Amino acid sequence: MPPGTKHDSGQDFEAFARAGQRKLYRTAYLLCGNADGARDLTQTTLAKLFQHWRRVSAAESPDAYARTVLTRTFLAERRRRLRDLLAHSRADPPPLPEHAELRVTLLAALAALPPRARAMVVLRYWEDLSVGTVAELLRCSEGTVKSQCSRALAKLRTQLGEAHLYATEN
């Protein structure tokens, strides 16, 4: 088949999905706080990306486009299903090999944050995105990102107490 055909486009998407699925899942896990929600969010994101693959593949950075879709999908689902958020945040995450207690504690603290603040913290500090990029992704001002992140971090510090001390063990 000549380049640019539907079959070729499907192969391009498949390669993109295989290469980026794990990173999308890790971000989704931090946003959702549980494996089931993260899998659903990742699959929904990949379905949306496939649906608009021509636009995604033409973007300057398909990875950034995917992260934007993931984040906005997360926030939209939480707005629609506030009760689901409460049910999902109580689910136990799967056992984690290294520093499992600290990770469970951190995930519980993240789950206590409102969805938008959680998204800002995850994007800003886990994904290491700039304030400007987070503001653009979430369609808000840079000042909003700074103030919300500051408040969220203060809340996390209060909730976690001295849990961060255990992170340096081993």
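Note: the structure precedes this text.
Residues numbered from 1 in each chain as written. Predicted model: local features only at pLDDT ≥ 70, side-chain atom pairs only at ≥ 80, totals over all residues. Heavy atoms only, no water.

## Here we look at the overall build of the protein chain
No. 1: Within the protein chain, the regular secondary structure consists of nine helices and zero strands.
No. 2: Considering only residue pairs separated by 6 or more positions, the protein chain has 65% of its internal contacts joining residues 24 or more positions apart.
No. 3: Carbon and sulfur atoms provide 52% of the accessible area of the protein chain, an area that totals close to 10,600 Å². (Helix = DSSP H or I, 4+ residues; strand = E, 2+ residues; numbered from the N terminus. Contact = heavy atoms within 4.5 Å. Areas by Shrake-Rupley, 256 points an atom, 1.4 Å probe, with all protein chains shown as cover.)

## Here we look at the packing of aromatic side chains
No. 1: Considering all chains together, one arrives at four aromatic pairs under this definition.
No. 2: Taking the centre distance of 5.3 Å and the plane angle of 75° together, the rings of Phe13 and Trp53 count as edge-to-face. Pair noted here: Phe13 is in helix H1 (residues 6–32) and Trp53 is in helix H3 (residues 53–58), with a separation of 40 residues, a long-range link. Side by side, Phe13 and Trp53 carry an identical accessibility label, which is buried.
No. 3: Among the aromatic residues, ring-to-ring pairing joins Phe13, Phe16, Phe50 and Trp53 into one connected group.
No. 4: The aromatic ring of Tyr125 is capped on one face by Arg124, whose charged end is 5.5 Å from the ring centroid. (Phe/Tyr/Trp six-rings, centres within 6.5 Å; stacked < 30°, edge-to-face > 60°. Buried < 20%, exposed > 50% of the residue type's maximum accessible area, 1.4 Å probe, protein only. Lys NZ or Arg CZ within 6 Å of the ring centre and 35° of its normal.)

## Thoughts on unusual backbone geometry
No. 1: Phi at Asp128 takes a positive value of approximately 60°, unusual for a residue other than glycine.
No. 2: By secondary structure assignment, the location of Asp128 is in the loop between helix H7 (115–126) and helix H8 (131–138).
No. 3: One non-glycine residue with positive phi stands out, namely Arg139, at about 55°.
No. 4: Structurally, the position occupied by Arg139 is in the loop between H8 and helix H9 (142–160).

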